[in-house]
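# Geometric and topological summary
Chain by chain, the residues run as shown.
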Amino acid sequence: MEVWEKSLSWIQGKLNSQVYEAWFSPVELDEFAGERLALRVPNKFFKEWLSNNYVDLIQEAVWTETGVKPQVKFVVSEDSAVDLANLKTSPPTVSARPQAATGSSITWGEVKLNRKYTFKNFVVGSSNQLPHAASLAVTDMIGTKYNPLFVYGGVGLGKTHLVHAIGNEIRKKRPELRICYISSEQFMNEFVWALRNDKMDLFHRHFRRETDVLLMDDIQFIAGKDRTQDEFFHTFNALHSQNKQIVLTSDKYPQEIPDLEERLRSRFQWGLIADIQPPEFETRLAIVKKKADDEGILLPDEVAFFLAKSIKSNVRELEGSLINLAAHASLDGRRVVDIDFARETLKKVIAISSAPLTVESVQETVCKHFNISLVDLKSPKRQRSIAFPRQVAMYLCRKGLNASFPELGQRFGGKDHTTVLAACRKIEKQIIQDVDTRSRIEALERLLGF
Ligand code: ADP
Ligand code: MG
């Protein structure tokens, strides 16, 4: 059908070609009727990965083409499905992620925890020890120990997993408590909905009085949204003064969230700030093994090792590569993912992560880490949220590539060599004086494979 083909090419434009090929080329349209879109996929790995990661994108694509935001369903093709019964069956824990939920704008009171994300299946290593321990502590000392608990770290490192784990654990220990999991974007949408529909009294009742545990994901999204910030400020105060637990996640440290009111920034630091770093090799290996086990994928040690060694950026990509391998292996009728097959299938992905270091790759990695654009990175802008990443990028280029100051000046949008020199000196100094800068630089260096 035309709509689906157009949506597909829209999606293709949004993803890098490797990812598109790996996940979307085998997807076929089953049915598109009313607001329901059924897509046919070859096996359960595709179904799981797509429904966990790409529903929003698919909805946006179809919405762009038709103005309809469909409910997306995946149907596993029976004829092409290799008999997965041969493999160990995975536990019946797969449930839709909250982000995948669609429909009405009013969801208050509904607990939208993903049962799949628990402490039990969260692998702990030195990169995430503190946030893990703090999250566990919160479930025993609700509202009293760390309030708020602020978890920050780059994408795909387990922040959402941890907050859901907190929710699931509290639900087990204290079933009478009312838990609200929401992203700050949803919070904003519901706030706007309530304003428009004259339902602010309900909104306040729900968030300020009928919530015992507020788990708010991706708080950085409220940057620059003044009215939402104001509303959240009052929500925060109301809950905090009643000793209700608040947990926040963010991809940035409070000081680095741009356009955030000072009074919120300071409140975010009232409790504990715990950061998640990219996992080191041993943790990556443990994660791959655990995930394979949970999914019933037969994975020889050699392949687990290969994956953990090759994919360093984040856990989501690691998981994605594993599931993709399993998906393609079962398309191919293989029971076990062997090393040659793994090398062959992941060739392109691995080529990317072990690509030689260049000024561009450093810039790109830094931009991604701080969530700013390359244009800003190279611009003359001087606000801290941009200047700091720029200085970090310059420092990393100097350290990793030993590029000259004048050359770097040029590669960063035509700056004077003294600017680069000053940036490098400044970061060198900060690494010694400031734990946070040090751990960030170390994380970036790990990402870049220094
Ligand atoms: P974030 O919210 O930080 O972007 P997520 O919590 O969505 O990241 O994590 C991405 C994926 O990686 C999820 O499927 C999650 O289960 C998995 N993951 C991340 N960290 C771990 C870990 N330490 N142990 C097991 N799985 C993890
Ligand atoms: Mg998340």
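Computed from a predicted structure; not experimentally measured.

Reading guide: rules and limits
Residues numbered from 1 in each chain as written. Chains lettered and ligands numbered in written order. Predicted model: local features only at pLDDT ≥ 70, side-chain atom pairs only at ≥ 80, totals over all residues. Heavy atoms only, no water. Helix = DSSP H or I, 4+ residues; strand = E, 2+ residues; numbered from the N terminus. Rg over C-alpha atoms; globule rule 2.2 N^0.38 Å. Buried < 20%, exposed > 50% of the residue type's maximum accessible area, 1.4 Å probe, protein only. Contact = heavy atoms within 4.5 Å. Areas by Shrake-Rupley, 256 points an atom, 1.4 Å probe, with all protein chains shown as cover. Lys, Arg positive; Asp, Glu negative; His and termini not counted. Charge placed at Lys NZ, Arg CZ, Asp CG, Glu CD. Pairing = 2+ DSSP bridges. Axes fitted to C-alpha atoms, helices over the stretch in contact; angles between N-to-C directions. Near = heavy atom within 4 Å. Polar contact = N/O pair within 3.5 Å; in protein donor to acceptor, adjacent residues only side chain to side chain. Salt bridge = Lys/Arg side-chain N within 4 Å of Asp/Glu carboxyl O.

## Observations regarding the overall build of the chain
Looking only at helices and strands, one finds 21 helices and eight strands in the chain. Computed over its C-alpha atoms, the radius of gyration of the chain comes to 23 Å, within 12% of the 22 Å expected for a compact globule of 450 residues. For the chain, the spread of C-alpha atoms along the three principal axes comes to 65 × 55 × 45 Å. Within the chain, the proportion of its 450 residues that are buried is 51%. A fraction of 73% describes how many contacts in the chain between residues 6 or more apart in sequence connect residues 24 or more apart. As displayed, the chain has an accessible area near 21100 Å², and 50% of this comes from carbon and sulfur atoms. Side-chain charges in the chain split into 61 positive and 58 negative, and the spacing between the mean points of these groups amounts to 4 Å.

## Regarding the sheet that holds strand β5 (residues 179-183)
On the basis of which strands lie adjacent, the open sheet formed by five strands has the order β5-β6-β7-β4-β8 and parallel pairing. Looking at which strands have only one partner, the edges of the open sheet turn out to be β5 and β8 (272-276). Within this sheet the neighbouring strands show an average axis-to-axis angle of 15°, counted without direction. Summarising the sheet, β5 and strand β6 (residues 213-217) pair through five bridges and their orientation is parallel. Bridge pairing in β6 places S183 opposite D217. Against the sheet, helix α6 (residues 159-173) contacts β4 (149-153), β5, β6, β7 (245-250) and β8, and its axis sits at roughly 165° relative to β6.

## Considering the site of ligand 1
Surrounding ligand 1, one finds 18 residues, the nearest of these being V123, G156, T160, H161 and R316. At a separation of 2.8 Å, an oxygen atom of ligand 1 approaches a polar side-chain atom of K159. Residue T160 places a side-chain N or O atom 2.7 Å away from an oxygen atom belonging to ligand 1. Against a free-state accessible area of 550 Å², the protein chains account for coverage of 94% of ligand 1. At the level of elements, α6 and α13 (315-331) are the ones that each hand at least two residues to the shell around ligand 1.

## Concerning the pattern of salt bridges
For the structure shown, the criterion picks out 25 salt bridges. Of the charged contacts, one joins R178 and D212 as a salt bridge, the two residues approaching to 3.2 Å between their closest N and O atoms. Of this pair, R178 sits in the loop between α6 and β5 while D212 sits in the loop between α8 (200-209) and β6; the two residues are 34 residues apart in sequence, bridging distant segments of the chain. Owing to a relative accessible area of 8%, D212 belongs among the buried residues under this scheme.

Read these as layout, nothing more, since geometry by itself doesn't imply function.
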